[in-house]
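Summary of structural features
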Amino acid sequence: MAVDLLLGLQWGDEGKGKIVDVLTSNYNIIARFQGGPNAGHTLEFDGIKHVLRTIPSGIFHDDSINVIGNGVVIDPVVFVKELEGLDQFNIDYKKKLIISRKAHIILPTHRMLDAASETSKGKAKIGSTLKGIGPTYMDKTGRNGIRVGDLELADWKDKYRALANKHEAMIDFYNVKIEYDLEELETEFFEAVERLKELTFIDSEEYLYQAQKAGKTILAEGAQGSLLDIDFGTYPFVTSSNTTAAGACTGLGVAPNQIGDVYGIFKAYTTRVGSSPFPTELFDTVGEDMARIGHEFGAVTGRARRCGWLDLVALKYACQVNGVTKLMMMKGDVLSGFKTLKICTAYEYKGETITHLPYNIEPENIKPIYSEFAGWKDDLTKMTEKSQFPKELNTYIAFLEKELEIPITVVSVGPDRKQTIFM
């Protein structure tokens, strides 16, 4: 059986968690393949809002197994708090949740190192979430990291101590003032590790290989978005992992020829957080209204998201590098009430018109070129099928399908899992 992928096509926050939750009934296994607790996947059903950080979004379904793959970095403290949040729903996560031995562990000193590094940059900050993600991936590629499988070894705390000592020396090097009590942080960390060790650790690449041979259906769940990919995103304002389809292969140990459908999730407009270039950003009341209506605040960080029109140049690029086969448009309901809508179809770049994403999208180099569309007033949140859509929305969707040459198979018209319309 092929492994299907679901990933974001913008700068994250596209609504991946909701769609994974909606699709989980079609899959036996949901596997997270990259990122860490800086991700916030929001699910809403039965009047309750859930925010997951590391745990795959299929956890609320009784029949799904949820795998945390080797490409993920895990903060035991955050992870245990996430587990405790599931306790009230009587979820047997010891049975439904398994973790790759090759996944890396975020230490308390990784978070401290993250804060010291970001503080030292001053006005040149990249907008880190300060969760220790970057330093953990740096240790991974530097071959210094501690992995989940190490927790099964008798001497793992010796390895921990050596790495933590190294981190403290690096923090001193930055020569900035950050407040922390390492002894207190370590007490909490070691307690959380013991809870983590109560779960099942697996060799995930073997587990998924055997699951495929047995005919199990698998959905790989990405975090963040394609434009935050360490290689193909808007560097250096990116995350520290491969958020694109290729990251599923390396983050789970799945061969490229085993990939099936690639579901690409995007908002009907564009948002991003942090310090970074954003060609279609709106600085007027339209952008403010988008943020207010769309409740554009980070599920984990609480940071306000900047808003702008849909950037088709960037979206085409993301579809291209991911090999997207099916599109899913989120938050169509947020655009209700705007008299005129715009889609960026090209850039004016250094005196010429281009339709591809260039190396540099700093504002001094880029001016978006827009096509305009009539808006709609209808409240989409109560609609249950495509036939109820206003003609202006259908025109908007048809234009995107024509330009992207990929079908839009789902339109989300609200945060609840029931507010999902299959096309």
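Refer to the structure above for everything that follows.
We now turn to the structure provided with this report. (Residues numbered from 1 in each chain as written. Predicted model: local features only at pLDDT ≥ 70, side-chain atom pairs only at ≥ 80, totals over all residues. Heavy atoms only, no water.)

**Looking at helix H11 (residues 312-322)**
Taking burial as the measure, the eleven residues of H11 include eight buried ones, the bulk of the element. Along H11, the residues classified as buried are Leu 312, Val 313, Ala 314, Leu 315, Tyr 317, Ala 318, Cys 319 and Asn 322. By the N-cap criterion, in which a side-chain oxygen at the helix start approaches the backbone nitrogen of a residue two or three places on, H11 is capped by Asp 311, the distance to Val 313 being 3.1 Å. Positioned one or two residues after H11, Gly 323 has a phi angle of 65 degrees, which is positive. (Buried < 20%, exposed > 50% of the residue type's maximum accessible area, 1.4 Å probe, protein only. Helix = DSSP H or I, 4+ residues; strand = E, 2+ residues; numbered from the N terminus. Polar contact = N/O pair within 3.5 Å; in protein donor to acceptor, adjacent residues only side chain to side chain.)

**Here we look at the side chain of Thr 280**
Here Thr 280 is to be found in the loop between strand S12 (270-272) and helix H10 (285-293). Residue Thr 280 is classed as buried on the basis of its relative accessible area of 1%. In this structure the side chain of Thr 280 is engaged in a polar contact, spanning 2.8 Å, whose partner is the backbone oxygen of Trp 309. Excluding residues that lie within four positions of it along the chain, Thr 280 makes contacts with Thr 270, Gly 308, Trp 309, Asp 311, Cys 344, Pro 368 and Tyr 370. (Contact = heavy atoms within 4.5 Å.)

**Topic: the environment of Ser 204**
Structurally, the position occupied by Ser 204 is in helix H8 (residues 204-213). Sequence separation between Ser 204 and Pro 76 is 128 residues, and the spatial gap between their C-alpha atoms is 19 Å. Excluding anything up to four places from it in sequence, Ser 204 contacts Val 67, Asn 70, Ser 100 and Leu 252.

**As for the packing of aromatic side chains**
Considering all chains together, one arrives at twelve aromatic pairs under this definition. Arranged with centres 6.3 Å apart and planes meeting at 70 degrees, the rings of Trp 156 and Tyr 160 form a pair that is edge-to-face. Taken together, the positions of Trp 156 and Tyr 160, both in helix H6 (residues 156-174) and four residues apart, correspond to about one turn of that helix. The buried category is assigned to Trp 156, whose relative accessible area is 5%. You can call Tyr 160 buried: its relative accessible area is 1%. Summarising the aromatic geometry, the rings of Phe 173 and Tyr 174 are spaced 6.1 Å apart at their centres and angled 65 degrees between planes, so their arrangement reads as edge-to-face. Using a relative accessible area of 67% as the deciding quantity, one classes Phe 173 as exposed. (Phe/Tyr/Trp six-rings, centres within 6.5 Å; stacked < 30°, edge-to-face > 60°.)

**Some remarks on the packing of H6 against helix H7 (residues 182-196)**
The interhelical angle for the contact between H6 and H7, taken along N-to-C directions, is 145 degrees, at an axis separation of 14 Å. For the element pair H6 and H7, the recorded crossing hand is right-handed. Between H6 and H7, the residues in contact are Trp 156, Lys 157, Tyr 160, Arg 161, Ala 164 and Glu 168 and Leu 182, Glu 186, Phe 189, Phe 190 and Val 193, respectively. Looking at the contact of H6 with H7, its residues break down into seven nonpolar, no polar and four charged. (Axes fitted to C-alpha atoms, helices over the stretch in contact; angles between N-to-C directions. Left-handed = near helix turned anticlockwise from the far one by under 90°. Nonpolar A, V, L, I, M, F, W, Y, C, P; charged D, E, K, R; others polar.)

**Let's talk about the sheet that holds strand S2 (residues 29-32)**
Strand order in the open sheet formed by ten strands is S9-S7-S5-S2-S10-S1-S11-S15-S19-S20, and the pairing between neighbours is mixed. At either margin of the open sheet sits one strand with a lone partner, and together these are strand S9 (200-202) and strand S20 (420-422). Here the strands of the sheet are splayed against their neighbours by 25 degrees on average, with no regard to which way each runs. Relative to strand S11 (residues 259-267), strand S1 (residues 3-8) runs parallel, the two sharing five bridges. (Pairing = 2+ DSSP bridges.)

**Side note on the pairing of strand S10 (residues 218-221)**
A two-sided burial pattern is seen for S10, the buried positions comprising Ile 218 and Ala 220 on one face and Leu 219 and Glu 221 on the other. As paired strands, S1 and S10 are joined by four bridges and run parallel to one another. Its bridge partner lying in S10, Leu 5 is registered against Ala 220. Here S2 runs beside S10; their pairing, made up of four bridges, is parallel. Note that in S10 the partner of Ala 31 across the bridge is Ala 220.

**As for the pattern of salt bridges**
In this structure the tally under the stated criterion is 24 salt bridges. A salt bridge links Arg 101 to Glu 152; the shortest N-O distance between them is 2.9 Å. Here Glu 152 lies in the loop between helix H5 (133-141) and H6 and Arg 101 lies in the loop between strand S7 (97-100) and strand S8 (104-105), a separation of 51 residues in the sequence. The exposure class assigned to Arg 101 is partly exposed, which follows from its relative accessible area of 25%. On the basis of relative accessibility, which here comes to 45%, the residue Glu 152 falls in the partly exposed class. Arg 195 is the salt-bridge partner of Glu 198, the closest N and O atoms lying 3.7 Å from each other. (Salt bridge = Lys/Arg side-chain N within 4 Å of Asp/Glu carboxyl O.)

**Quick look at the nonpolar core**
Counting residues in each nonpolar core, the largest one holds 56 residues, and the members touching the most others are Leu 9, Phe 266, Leu 327, Met 329, Leu 335, Tyr 396 and Leu 400. The dominant element in this core, judged by the number of residues it contributes, is helix H12 (residues 391-404), at six residues. Setting aside chain neighbours within four positions, we find Leu 335 in contact with Ala 268, Tyr 269, Met 290, Leu 341, Trp 376 and Tyr 396. The next biggest cluster of nonpolar side chains, apart from the first, holds 32 residues, and it includes Leu 52, Ile 55, Val 77 and Tyr 160. (Core = buried A, V, L, I, M, F, W, Y, C linked by side-chain atoms within 4.5 Å.)

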